[in-house]
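Inside the fold
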Amino acid sequence: MQTYRHPAPFQLESGEKLQVLEIAYHTFGRLNPARDNIIWVCHALTANSDVADWWPHTVEKGCFLDPEKWFIVCANIIGSHYGSTGPLSTDPETGSPYYSQFPALTIRDMVNAHRILADAFRIDRIHALVGSSVGGFQAIEWAVSQPERFNRLILIATDAYATPWTIAIDETQRMAIEADPTFGLPNPEAGAKGLAAARAIGLLTYRGASGYNLTQTDTGEQTVADSLIPRNRRRPCTYQQHQGQKLTRRYNAYSYHTILNAFDTHDVGRRRGGRAKALAAICCPAIVIGITTDLIFPPSDMRRLASLIPGAIYREIQSEFGHDGFLVEHAKLNSLLLNFI
């Protein structure tokens, strides 16, 4: 991981400023002499800038993010836990971490930070911009705000705005965090139990019934029909507990809460005359990929998104893993994207 420190205060949409802006990023491969082999990846909720870590079998030879061919860049979003300026960063005005006093962010703020990093790298043209889930929120926003910068646009399991359904999912997770009485205390561990519950709620929407029924069914002695099996030995229960605790060991409740709030601001048509007009500005070839069992961004929404982007093609991945299919179905993604890129 490397870190870029911006030499000036960073203006936010809210009117507030971050006096110090640091952007953590990873790169893979080498920039060629023509500087035309760049693929920029925008990451999702609790991921980081290390694409090879969270997106298995994509940053590999022969895959669509082949580091022997492409120079791949991923920047950690501001507000995150993984190196960019966020709630656990030091507020220069107080000398202490921001915690709950961290300013409100928007998706456009996150994209503006990406633009600053790209400009610092002297990257004028990006061959392909890739975004999955809320990484897709960023990719759509960036492609609309600077359409001339990209040769290809790849959108996977995402949308042009935060629908009422996605906002309701976010709000339910925020309620879980806010129900933790420690949330709001000036402590990096504050809200940990609420964060674990929020993660468990989120997982239900990421995988859905088909994913859980496929992977979390009790086996052997622990059958679904045997109601006497203790809860702490039921596979679905222990999985939820494990995943909640796992996140608290690598993330913090303040960043999670901040980013959920930012996601709810996403509407590419805001102050642009509506979504259709905004998306019409995209002038590069685009592919929109839906997942058959995705509960968060169902295929019907993905087809609507594709219909609003000039010339975009729509493809669909058959998967039993819901929204998380974009992380699991790497072979199917590679088959769709190698030729497109």
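The structure this text deals with has already been given above.
Here the residue numbers are simple positions, counted from 1 along each chain's written sequence. Selection of residues for local features in this predicted model requires a pLDDT of at least 70, selection of side-chain atom pairs for listing and counting requires 80 or more, and totals for whole chains, interfaces and linings are taken over all residues. Only hydrogens and water are removed before side-chain values are computed, so all heavy atoms of the structure are retained for them.

1. Quick notes on the packing of aromatic side chains
Here is the rule: rings of Phe, Tyr and Trp (six-membered ring for Trp) pair when centre to centre is within 6.5 Å. Planes less than 30 degrees apart are stacked, more than 60 are edge-to-face, and the remainder are tilted. Summed over the entire model, instances satisfying the criterion amount to 13 aromatic pairs. Their ring planes at 75 degrees and their centres at 5.0 Å tell us that Y25 and F121 sit as a pair that is edge-to-face. A residue pair is termed long-range when its members are at least 10 positions apart, and Y25 in strand β4 (residues 22–28) and F121 in the loop between α2 (107–120) and β9 (126–132) qualify at 96 residues. The interplanar angle of 90 degrees and the centroid separation of 5.1 Å between the aromatic rings of W40 and W142 together place this pair among those described as edge-to-face. Of this pair, W40 sits in strand β5 (residues 38–42) while W142 sits in helix α3 (residues 134–145), and the two are 102 residues apart along the sequence. Between buried and exposed lies partly exposed: a residue is buried under 20% and exposed over 50% of the maximum accessible area for its type, with that area taken using a 1.4 Å probe on protein chains only. Here W40 falls in the buried class, since its relative accessible area comes to 0%. Through a chain of ring-to-ring contacts, three or more aromatic side chains come together here, namely W54, W55, F64 and F326. The lysine or arginine in question, R152, covers the ring of F340, its NZ or CZ lying 6.0 Å from the ring centre. Lysine NZ or arginine CZ positioned within 6 Å of the ring centre and within 35 degrees of the ring normal marks a charge as sitting over the ring. Directly above the aromatic system of Y161 lies the positively charged group of R275, at a separation of 3.5 Å from the ring centroid. In this description a helix means any DSSP run of H or I spanning at least four residues, a strand means any run of E spanning at least two, and both kinds are numbered starting from the N terminus.

2. Points about the pattern of salt bridges
Salt-bridge detection follows one rule: a side-chain nitrogen of Lys or Arg within 4 Å of a carboxyl oxygen of Asp or Glu. Counted under the stated rule, the structure contains 13 salt bridges. Note that E141 is salt-bridged to R108, the shortest N-O span being 3.2 Å. With E141 in helix α3 and R108 in helix α2, this pair connects stretches of sequence that are 33 residues apart. R108 sits in the buried class, given a relative accessible area of 11%. A salt bridge links R303 to E316, with the nearest nitrogen and oxygen atoms 3.1 Å apart. With R303 in helix α9 (residues 299–308) and E316 in strand β12 (residues 313–317), this residue pair connects regions lying 13 residues apart in the sequence. Residues participating in the shared-partner salt-bridge network are E13, R270 and R271.

3. Here's the deal with the nonpolar core
Throughout this description, the term nonpolar core refers to a set of buried Ala, Val, Leu, Ile, Met, Phe, Trp, Tyr and Cys residues connected via side-chain atoms within 4.5 Å. Of all hydrophobic cores here, the largest spans 73 residues; its most connected members are W40, L129, L153, Y256, L279 and I309. Contacts were defined at the residue level, with two residues in contact if any of their heavy atoms lie within 4.5 Å. Aside from chain neighbours lying at most four places away, what touches I309 is L155, L279, I282, A286 and V288. Counting residues in hydrophobic clusters, the runner-up holds 27 residues, among them F28, F64, I291 and L337.

4. Quick notes on unusual backbone geometry
Here the phi dihedral of S133 falls at roughly 60 degrees; this positive angle occurs in a residue that is not glycine. Residue placement: S133 occurs in the loop between β9 and α3. Here S133 falls in the buried class, since its relative accessible area comes to 8%.

5. Considering the pairing of β5
By the criterion of burial, β5 is predominantly enclosed, with 5 of the 5 residues buried. The side-chain alternation of β5 yields two buried faces, one formed by I38, W40 and C42 and the other by I39 and V41. Note that β5 and strand β6 (residues 71–75) share 4 bridges and pair parallel. Bridge pairing in β6 links I39 to I72. In short, DSSP must find at least two bridges between two strands for them to pair.

6. What to know about the packing of helix α4 (residues 164–178) against helix α5 (residues 192–215)
For helices, the fitted axis covers only the stretch in contact; all axes are lines through C-alpha atoms, and the angles between them, taken along N-to-C directions, range from 0 to 180 degrees. Taken N-terminus to C-terminus, the directions of α4 and α5 make an angle of 160 degrees; their axes are 7 Å apart at the nearest point. The pairing of α4 with α5 is recorded here as roughly antiparallel in orientation. In terms of crossing hand, the pair formed by α4 and α5 is right-handed. Along its contact with α4, which presents I169, T172, Q173, A176 and I177, the element α5 presents G194, L195, A197, A198, I201, G202, T205 and Y206. Class assignment for the residues of the contact of α4 with α5 results in 8 nonpolar, 5 polar and no charged. The labels follow the angle: roughly parallel below 35 degrees, roughly antiparallel above 145, roughly perpendicular from 65 to 115, and oblique for the rest. The crossing is said to be left-handed when, going from far helix to near helix, the turn is anticlockwise and less than a right angle, and right-handed when the turn is clockwise. Throughout, the ten residues Ala, Val, Leu, Ile, Met, Phe, Trp, Tyr, Cys and Pro are labelled nonpolar, Asp, Glu, Lys and Arg are labelled charged, and all others, Gly among them, are labelled polar.

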